[in-house]
Amino acid sequence: MTDHICIPESLVAGGIELKESECPFCCKKTKQKAGYTGVLCLGCNSILSGDEWRGQIVKRRRELLGLTRPQMANLAGKSKHIIKHYEYVKCPDWYMTKTKELMEKQNGK
């Protein structure tokens, strides 16, 4: 048995390269690679698996923005506990839109 460190690239090894499309995490139009475990964004190295849900997407966006939950809470006008609720329990449409706007602002769109 050999040891293996699992990295995003190894999860889509042998996958096919897709046309450029918008990544749901970094909100940039990037090349992506599809493999057996999901689709890898070659821009931010995030993997979108078939069972991804909105809370995981907004959490990853917050991380890509370099923001803590308290910082994101301040930007959204909510408490850090509500932000955690959005990331782990139920993410409302307005928060999904807010995080996308912040990503696009960071990307210079």
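What this report covers is the structure whose coordinates are included nearby. (Residues numbered from 1 in each chain as written. Predicted model: local features only at pLDDT ≥ 70, side-chain atom pairs only at ≥ 80, totals over all residues. Heavy atoms only, no water.)

On to the packing of helix α2 (residues 54-64) against helix α5 (residues 93-106). The N-to-C vectors of α2 and α5 enclose an angle of 30°; their axes lie 10 Å apart at closest approach. In this view, α2 runs roughly parallel relative to α5, as classed from their interaxial angle. Read as a crossing pair, α2 and α5 show a hand that is left-handed. Each of R54, I57, V58, R61 and L64 in α2 lies in contact with α5, whose residues at this interface are D93, Y95, M96, T99, K100, M103 and Q106. (Axes fitted to C-alpha atoms, helices over the stretch in contact; angles between N-to-C directions. Helix = DSSP H or I, 4+ residues; strand = E, 2+ residues; numbered from the N terminus. Parallel < 35°, antiparallel > 145°, perpendicular 65-115°, else oblique. Left-handed = near helix turned anticlockwise from the far one by under 90°. Contact = heavy atoms within 4.5 Å.)

Here we take up the nonpolar core. Counting residues in hydrophobic clusters, the biggest one holds 20 residues, and the most contacted among them are C23, C26, C44, L65, M72, I83 and Y95. Within the residue set of this core, elements represented by two or more residues are α2, α3 (69-76), α4 (80-88) and α5. For this core, the leading source of residues is α5, giving four residues. Once you skip the residues sitting within four places of it in the chain, C44 turns out to touch C23, F25, C26, R60 and L64. (Core = buried A, V, L, I, M, F, W, Y, C linked by side-chain atoms within 4.5 Å. Buried < 20%, exposed > 50% of the residue type's maximum accessible area, 1.4 Å probe, protein only.)

Below, the discussion takes up the packing of α3 against α5. Two elements in contact, α3 and α5, have axes separated by 12 Å at closest approach and are oriented at 105°. In this view, α3 runs roughly perpendicular relative to α5, as classed from their interaxial angle. Together, M72, L75 and A76 of α3 and W94, Y95, K98, T99 and L102 of α5 make up the contact between the two elements. Residues belonging to the contact of α3 with α5 are distributed by class as follows: six nonpolar, one polar and one charged. (Nonpolar A, V, L, I, M, F, W, Y, C, P; charged D, E, K, R; others polar.)

Further remarks concern unusual backbone geometry. At C27, a position not held by glycine, the phi torsion is positive, near 60°. Judged by relative accessible area, which is 0%, C27 ranks as buried. Here N45, not a glycine, exhibits a phi torsion of approximately 60°, which is positive. Turning to its location among the elements, N45 is positioned in the loop between β3 (39-41) and β4 (47-48). A relative accessible area of 34% places N45 in the partly exposed class.

The next subject is the pattern of salt bridges. Tallying each qualifying case throughout the model produces seven salt bridges. The shortest N-O distance in the salt bridge between K59 and E63 comes to 3.9 Å. Pair noted here: K59 and E63 are both in helix α2, with a separation of four residues, about one helical turn. Looking at K59, the relative accessible area reads 23%, which means it is partly exposed. For E63, a relative accessible area of 39% puts it in the partly exposed group. Linking E63 and R60 is a salt bridge whose minimum nitrogen-to-oxygen distance equals 3.9 Å. Here R60 and E63 lie together in helix α2, a separation of three residues that amounts to about one turn. Taking the relative accessible area as the measure of exposure, R60 reaches 24% and is therefore partly exposed. (Salt bridge = Lys/Arg side-chain N within 4 Å of Asp/Glu carboxyl O.)

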